[in-house]
Amino acid sequence: TDWALIGVMVFLMVLERRDIGRFFLQTSPDMSDYLRNHYKKIQHVGTAWIKAMIVLCFSIFFLTYIGLMVAQFIFGFHVEQTFVLAVISGIMEFIPYA
C-alpha cells in the first residue's frame, strides 16, 4: 500500500509540477531569479533522465525477449512466459532508481 501511495503522489506531483515550482518561487521572492534559473535546469535534466530511462527499459525488454527467443531456438528448451520475463526485466531496470 505504501508503494501505491508513493506512485499516486508522484503522478500527481508530475501533473502539478508547474504549480509546485511557482509555489517555491513565490515563497522566496528575494531568491526568485536564482531559483528560477536552477528550477529550469533541474527540470531539463530530470526530463532528459526520465526519457533515457524509458529508452533503456524498453531496450532491455526487447533484448531480453529476443535473447530468450534465440535461446529457445538454439538450445531447444521451452520457456512459457518469455514475454512476462522480458517485461519483468525491463521493469527491474528502473526499480533501483525509483
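Each remark here, short or long, concerns the structure printed above.
All of the points below concern the structure found in this document. Just so it is clear, the model here is predicted, and its values are computed rather than measured. (Residues numbered from 1 in each chain as written. Predicted model: local features only at pLDDT ≥ 70, side-chain atom pairs only at ≥ 80, totals over all residues. Heavy atoms only, no water.)

The next thing to look at is the overall build of the chain. Each helix and strand counted, the chain has four helices and zero strands in total. For the chain, the α and β elements follow one another from N to C terminus as α-α-α-α. Projected onto the principal axes, the alpha-carbon positions of the chain cover approximately 70 × 30 × 20 Å. When the 98 residues of the chain are sorted by exposure, 15% land in the buried category. Considering only contacts in the chain between residues 6 or more positions apart, those separated by 24 or more positions represent 44%. When the accessible area of the chain is evaluated, it comes to approximately 8,200 Å², of which 73% is carbon and sulfur surface. Of the side-chain charges in the chain, 7 are positive and 7 negative, and the distance between the mean point of each set is 14 Å. (Helix = DSSP H or I, 4+ residues; strand = E, 2+ residues; numbered from the N terminus. Buried < 20%, exposed > 50% of the residue type's maximum accessible area, 1.4 Å probe, protein only. Contact = heavy atoms within 4.5 Å. Areas by Shrake-Rupley, 256 points an atom, 1.4 Å probe, with all protein chains shown as cover. Lys, Arg positive; Asp, Glu negative; His and termini not counted. Charge placed at Lys NZ, Arg CZ, Asp CG, Glu CD.)

Once that is clear, we can look at the side chain of glutamine 72. In this structure, glutamine 72 sits in helix α3 (residues 32–75). Judged by relative accessible area, glutamine 72 falls into the buried class, the value being 16%. Excluding its chain neighbours within four sequence positions, the residues that come into contact with glutamine 72 are Phe77, His78, Val79 and Thr82.

On inspection of all chains with the given rule, the structure shows four aromatic pairs. A network of ring pairs unites the aromatic residues Phe61, Phe62, Tyr65 and Phe83 as a single cluster. (Phe/Tyr/Trp six-rings, centres within 6.5 Å; stacked < 30°, edge-to-face > 60°.)

Turning our eyes to something else, we now look at a nonpolar patch on the surface. A cluster of nonpolar side chains, Trp49, Ile50, Ile54, Phe58, Phe62, Ile66, Val70, Phe73, Ile74, Phe75, Phe77 and Phe94, forms an exposed patch at the surface whose accessible area comes to about 1,300 Å². A per-element tally of the nonpolar patch places α3 first, with 10 residues. Positionally, phenylalanine 75 belongs in helix α3. (Patch = residues over 30% accessible without salt bridge, like charges linked within 9 Å, V, L, I, M, F, W, Y side chains within 5 Å. Salt bridge = Lys/Arg side-chain N within 4 Å of Asp/Glu carboxyl O.)

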